[in-house]
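Understanding the architecture of this molecule
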Amino acid sequence: MTASESGSSEDVDSSIKAQLEDEVIREALTSGMDLRQYSQSVEKELRQLENLSIQDYIGKAQNIATLHHQITECDSILENMQGMLEGFLTHLSTISQEIQSLQEQSASINVQLTNRKQVHVEMSTFIDQLMVPEIMIQHILNTPVTDNLFMQQLKALNQKSKFIKEQNFRDAHSCQDVQDIVDKLTVKAVTKIREYLLQKIYQFRKPLSNYQIPQNAMIKHKFFFEFLLLHARTVAAEIHDEYVETMSRVYSSYFQSYTKQLWKLQYEEGVTRDDLMGVEDSRANSFFTKSLKSRGTVFTLGTRDSVLSPTGLIQDIIVPHTAGKGETKYAFEVLFRSQQYALMDNGCREYIFLTEFFMVHDADAMKLYMTVMGKTLQHVQKEVCGVVMGCYDSIALYLCVHLIHQYRLLCHKRAVPALDNHWEQLLHMIWPRFEYVVKMNIQSIQACDPSKMAALDMRPHYITRRYAEFSGAVMVLHEKFPLEGVDGLMLQLQDEVEKVILKMAAVFHNRKDQLIFLINNYDMMLSVLSEKTREDSRECERLKELLGQRTGEYIEEVLAPHFGGMLTFVRETDHLIANNNTEALKDYEKKVVPLVRSFSSTWKKSVERLNNEVMQCFTNFRTGTVVLQRALETLITAHHTFNRTLAHAAFHHLNIKADIVNSHHLIVEAKKYKPTF
């Protein structure tokens with residue numbers, strides 16, 4: 001069998017399989033019907049259906065013809081519509097081209113319109129800036145310079161003048177038509193402004209005039225000077241020079257007169273080189289009777305620091321003739337505050353005026369300011385230097401240093417740096433003088449010879465009181481505004497005071513008297529400083545340490561006559577008890593019985609005598625009470641240790657139990673002397 005025959009056989013097989021899957025053939029085969037008969041019946045049915053279909057077509061022939069005719073007409077209509085649409089599409093294409101052309105024309109016209117409007121605006125602006133209205137001429141010629149209308153037209157004239165200058169630079173010939181009238185109006189405005197400003201400057205020269213009024217008027221019209229700078233620099237220079245010369249003389253004259261009258265109000269009886277901390281107060285009667293009516297003591301702050309309070313710093317200045325009528329006198333720091341506040345207030349106002357009116361800044365402003373205020377500042381510094389060099393009032397000098405720092409901060413808050421050099425100059429004068437005076441006080445303490453002093457007693461010495469008052473005054477101010485160098489001076493002063501107290505204490509031959517003197521002085525200084533400064537300050541901590549040491553030593557001294565035997569016994573046997581050294585304790589058997597019986601018979605009277613002695617030794621009742629309580633506490637502690645020692649096995653055989661005093665009795669007795677405050 002060939003390949004083609006094999007392929008056709010496979011096709012026949014597949015065809016047979018496909019036909020066998022047909023439902024009709026499958027049904028015929030299933031029913032067992034003869035296929036030839038079945039085929040003939042199918043053909044017969046098909047012929048019948050065909051005949052029926054032909055009859056139906058013949059019956060519908062008329063309708064089919066009508067439908068064919070209608071379809072033909074529809075084709076014709078659609079063909080016409082296609083032609084119309086193609087024509088309309090062609091027409092639309094033409095319209096689109098026309099619209100595009102119109103858009104291009106519209107854009108071109110719009111650009112032309114915009115250009116014409118821009119030209120119109122520029123031309124209108126140009127013409128408006130060139131045109132000099134009648135109202136401008138009238139106001140510039142006839143309206144007073146203080147009127148707002150004059151100011152408005154002056155600014156408009158200034159703009160026109162600038163515009164004309166710009167156009168002349170561009171060779172615009174149209175400006176020549178108005179150049180003449182603008183120049184004439186400018187000359188007229190300059191003349192009127194010059195007369196007005198010179199008139200205001202001349203008002204400064206009038207005696208007792210309040211120059212803040214013309215200054216405020218000039219600031220209100222500060223555009224006048226700007227106009228002069230642009231259009232008449234010669235006149236502007238004239239105004240500038242006239243103002244500088246006038247105000248320089250005004251300030252110099254005012255502060256010369258004011259300072260001269262101010263110094264006359266200072267206390268007639270001032271602090272001299274004899275009013276030092278270590279100098280014996282031989283003028284006690286005259287000094288403390290007359291001076292206390294007018295001022296505090298040399299070393300006491302009192303209310304003198306009120307000049308540094310927020311209200312005191314900016315308080316109204318002293319009016320000399322008013323104070324002179326009432327014969328009122330002031331301390332140096334009060335006069336210094338008044339002088340420097342007047343200078344600071346006027347100086348700040350002047351600096352602000354110069355920068356605003358003359359339009360200067362930074363180095364130029366400083367240069368102009370010194371031209372106006374230089375002579376005044378030099379004179380004030382010279383006057384202050386003259387007074388400071390003869391001043392021995394260290395508190396006044398220290399207050400002045402603080403005033404300088406406060407006023408410098410106030411100037412910075414007002415954004416006025418022009419007085420910084422002035423404050424530095426004053427500090428270079430006053431601070432070295434303050435150091436010099438403090439060192440003079442230190443030297444006066446170093447030079448103290450207790451053997452040459454008047455008879456010393458155990459009360460606080462005047463040197464320690466002066467030191468306490470002065471140290472408290474300085475520390476009060478130092479805590480508010482710390483200054484470099486103060487701590488070193490005060491530490492040196494404190495060291496010298498401690499040394500001189502020890503020297504004076506050495507004058508007493510009895511150690512107990514020495515300790516009482518030291519405690520009284522340390523306590524007095526601590527009390528004064530605690531009232532004025534923080535209790536944890538360096539000075540207070542040092543005094544507490546010294547007071548504690550001397551108090552402990554005094555307690556040992558004051559207890560020794562009454563309870564010395566018991567205290568010595570406790571000290572000597574304490575370490576033996578700790579080590580349980582029975583053999584060594586037996587060496588003290590002979591001392592135990594006398595000590596116990598002596599303490600039992602005398603302790604109450606001894607405590608009473610101790611109370612009387614301690615309370616009579618100290619000038620401060622509270623201090624005496626504190627020392628007594630510490631002494632009783634020491635006694636109770638020692639007695640408790642004493643009883644514990646007696647309970648040791650080494651002393652059990654001694655017949656002392658009935659004579660031993662219970663520590664509770666001692667505590668009850670001590671409570672009788674406890675303070676009620």
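Relevant structure appears above.
Right, let's walk through the structure included here. Because the structure is a prediction, the values reported are computed rather than measured.

Moving on to the packing of aromatic side chains. Under the counting rule described, the total for this entry stands at 26 aromatic pairs. Each ring, one from Tyr-254 and one from Tyr-258, has its centre 5.7 Å from the other, and the planes form 10 degrees; the classification is stacked. Pair noted here: Tyr-254 and Tyr-258 are both in helix 10 (residues 233-263), with a separation of 4 residues, about one helical turn. Aromatic ring contacts, followed pair by pair, group Phe-204, Phe-225, Tyr-243, Phe-353, Phe-357 and Phe-358 into a single cluster. Looking at Lys-155, its charged tip hangs above the ring of Phe-223, at a distance of 5.7 Å from the centre. Lying across the ring of Tyr-392, Arg-433 places its NZ or CZ 4.7 Å from the centre.

Moving on to the nonpolar core. Ile-430 and Tyr-554 are the most contacted members of the largest nonpolar core, which totals 182 residues. Those residues in contact with Tyr-554 that lie beyond four places of it in its chain are Lys-512, Leu-515, Ile-516, Ile-519, Val-614, Cys-617, Phe-618 and Val-627.

What follows deals with unusual backbone geometry. Unlike most non-glycine residues, Met-359 shows phi in positive territory, near 55 degrees. Assessed through its relative accessible area of 38%, Met-359 is described here as partly exposed. The phi dihedral of Ala-415 is positive, around 60 degrees, even though this residue is not glycine. Structurally, the position occupied by Ala-415 is in the loop between helix 16 (394-413) and helix 17 (420-446).

Our focus in this paragraph is helix 16. For helix 16, built from 20 residues, the straight-helix expectation of 28 Å at 1.5 Å per residue is met to within 8% by its first-to-last C-alpha distance of 29 Å. Within helix 16, 15 of the 20 residues are buried, which leaves the element mostly enclosed by the surrounding structure. Positioned one or two residues after helix 16, Ala-415 has a phi angle of 60 degrees, which is positive.

Rules behind the numbers
Residues numbered from 1 in each chain as written. Predicted model: local features only at pLDDT ≥ 70, side-chain atom pairs only at ≥ 80, totals over all residues. Heavy atoms only, no water. Phe/Tyr/Trp six-rings, centres within 6.5 Å; stacked < 30°, edge-to-face > 60°. Helix = DSSP H or I, 4+ residues; strand = E, 2+ residues; numbered from the N terminus. Lys NZ or Arg CZ within 6 Å of the ring centre and 35° of its normal. Core = buried A, V, L, I, M, F, W, Y, C linked by side-chain atoms within 4.5 Å. Buried < 20%, exposed > 50% of the residue type's maximum accessible area, 1.4 Å probe, protein only. Contact = heavy atoms within 4.5 Å. Expected span 1.5 Å × (residues − 1).

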